[in-house]
Structure formats: structure tokens, C-alpha cells
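Take a look at the letters that make up each chain.
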Amino acid sequence: MRDGLDRARFLDMCGAARRGQARFTRFLEPPQIAEATQAAREAGVEVAFFGGYEGAERAVAAFYEYDRPESWPVECLRADWNAAYCTVSHRDVLGAAMGIGIERALLGDIVMGETCAYLFVLESAAPMILGELTEAGRAKLSVRRASGEALPEEKGTPVRDTVMSMRLDAVAAAGFDMGRAEAQELIRRGLVKLNHLPEERTDARGKAGDLISVRGHGRLRVEEEQGFTKKGRLGVMMTRFGAR
């Protein structure tokens, strides 16, 4: 498991929690969140997750025995730029943060707006980001603390297409405007996530509400199945978001 957070480490943290000492992890990805949940269950302690806002993909875990922690070592920072001169992508912000020496596990989600980005970070990483994150891509950045601010609503592109079935390869090909063979190859290479978890089965079945992400291509939310056409193909409404 990445970042040194494997099952044994989680169980060690659970042991500390049983001695009355709540323990926090760094930011975990969805597979790690599942592993942490299992470790807590085996150890007989509680675990909670917090990524800075509702619906966060990456989250910090807290192992505890009785009282859920009231405060978390997570801060929200806002990076602003002048959109009149350049555009900034999620990849630009993430790359810039890692470029100043911030480990990926110290960073949670990055929520993009048109002229700003909200970065959820561990408290220990906040001072470096505030002091040294001055540019991303070709943009000059101004970074400040932003706890409690309303996050921008991410804008997506509506996509309507028809598929032979709700297989993952078919839906991904339609949603990302690529050939089905290309979609199958990306899935087999482990570059596709279904509802935040890696999925390598090309025939995994999708449904309305699913989130599909393809590395380098972006993310896709399946909105609804719209019934079959006269030719027996299934109409699907989706929303596509930019690459992350």
C-alpha cells in the first residue's frame, strides 16, 4: 500500500486508539480507506474519515475508542490567479504543490474554480504551501487560508450517447469519446476507477449515479439510463468533467 500505510500500520494505530489515544493518518485514497475500515473492525475500535468537505474522495482517518475527534488536522487553503491572462488546471496545481516538496499524502482533494482552487491539506503542510506555492503553470498564485468558504460548483459538459449495454468499457468509450478497444486497454492497465476504486474488469456493470475516472482523460458521472432505441441501443445521459 502507498505511503507506508499498510494493514500492519493501521493495526498499530488501532492499538494506540485502544489505549485512549486517538490516531490520525495522512490523506488516504479510497482503497486505503477500505483497508483502514477493515483494520478498525478487526481491532474493535472506531474509525471516522474527514476530507475537509462533504463528498471528498481523499480523506484522513481517525482511529478512536469512545469519543469521535472534534477537531481534525486538516486545513483549507485557497489559491487565486488572474484568469484574464491564463488558465490553471487541477494538474497544474497538484504538480506545483508537489514541485515545492509536498508529498502527495499531505494533500487531499483540490477543488477547482474558474479563478481559484481550494486545496485541502494536512496542518503540517500548510505553512510551506502558504509560503512557497507562488505559481502553477504560467499563473502567479496568491494563497491564503479559507476555512468555511463555500466551494465552487464544478461545471461539467453534458454528454448523451447510446451504448449496447452498461458495461464499463462501453460507457467509458461513449463518455470520453474514444474507441471501445482503447477504453478496454485503459481499464486493463489499471487507469480506470469506478466510484473511486480501481476497476480492471472491462465488463463491470455501470449504473446511474456511478462515477468513472480515467487517468489523463477526466471524470464522468452517469446521470441516467434513458431507455432503448428502436435499434436496441440504450440511451445514457452523462456529465463529463475535465482531466485531474
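Everything numeric here is computed off the predicted structure, so don't read it as measured data.

(A) Representation of the packing of helix 1 (residues 7-18) against helix 2 (residues 30-43) within the structure. One can describe the packing of helix 1 onto helix 2 by two numbers: an axis separation of 9 Å at closest approach and a directional angle of 45°. Comparing their axes, helix 2 and helix 1 come out oblique. Note that helix 1 runs across helix 2; the crossing there is right-handed. In contact with Arg7, Phe10, Leu11, Cys14 and Arg18 of helix 1, helix 2 contributes Gln32, Glu35, Ala36, Ala39, Ala40, Glu42 and Ala43. Of the residues belonging to the contact of helix 1 with helix 2, the class tally is seven nonpolar, one polar and four charged.

(B) Fine view of the side chain of Gln184. Among the secondary structure elements, Gln184 is positioned in helix 6 (residues 180-188). With relative accessibility at 19%, the residue Gln184 sits in the buried group. If we ignore the near neighbours within four places in the chain, the residues touching Gln184 are Arg167, Asp169 and Thr202.

(C) Main features of the sheet that holds strand 1 (residues 23-28). Strand order in this open sheet of three strands is 1-3-2, and the pairing throughout is antiparallel. Each of the sheet's edge strands pairs with one partner strand only, and the pair in question is strand 1 and strand 2 (46-50). Across this sheet, the average inter-strand angle for adjacent strands is 20°, counted without regard to direction. Of the strands in this sheet, strand 1 and strand 3 (59-64) are in contact with helix 1, which crosses strand 1 at around 150°.

(D) The sheet that holds strand 14 (residues 218-228), seen in detail. Judged by pairing direction, the sheet is antiparallel, and its six strands sit side by side in the order 10-15-14-13-11-12 without closing on themselves. Edge positions in the open sheet fall to strand 10 (157-163) and strand 12 (197-198), since each of these has one partner strand only. Lying on the sheet, helix 5 (residues 168-175) is in contact with strand 10, strand 11 (192-194), strand 13 (211-214), strand 14 and strand 15 (234-241); it crosses strand 10 at an angle near 135°.

Conventions and cut-offs
Residues numbered from 1 in each chain as written. Predicted model: local features only at pLDDT ≥ 70, side-chain atom pairs only at ≥ 80, totals over all residues. Heavy atoms only, no water. Axes fitted to C-alpha atoms, helices over the stretch in contact; angles between N-to-C directions. Helix = DSSP H or I, 4+ residues; strand = E, 2+ residues; numbered from the N terminus. Parallel < 35°, antiparallel > 145°, perpendicular 65-115°, else oblique. Left-handed = near helix turned anticlockwise from the far one by under 90°. Contact = heavy atoms within 4.5 Å. Nonpolar A, V, L, I, M, F, W, Y, C, P; charged D, E, K, R; others polar. Buried < 20%, exposed > 50% of the residue type's maximum accessible area, 1.4 Å probe, protein only. Pairing = 2+ DSSP bridges.

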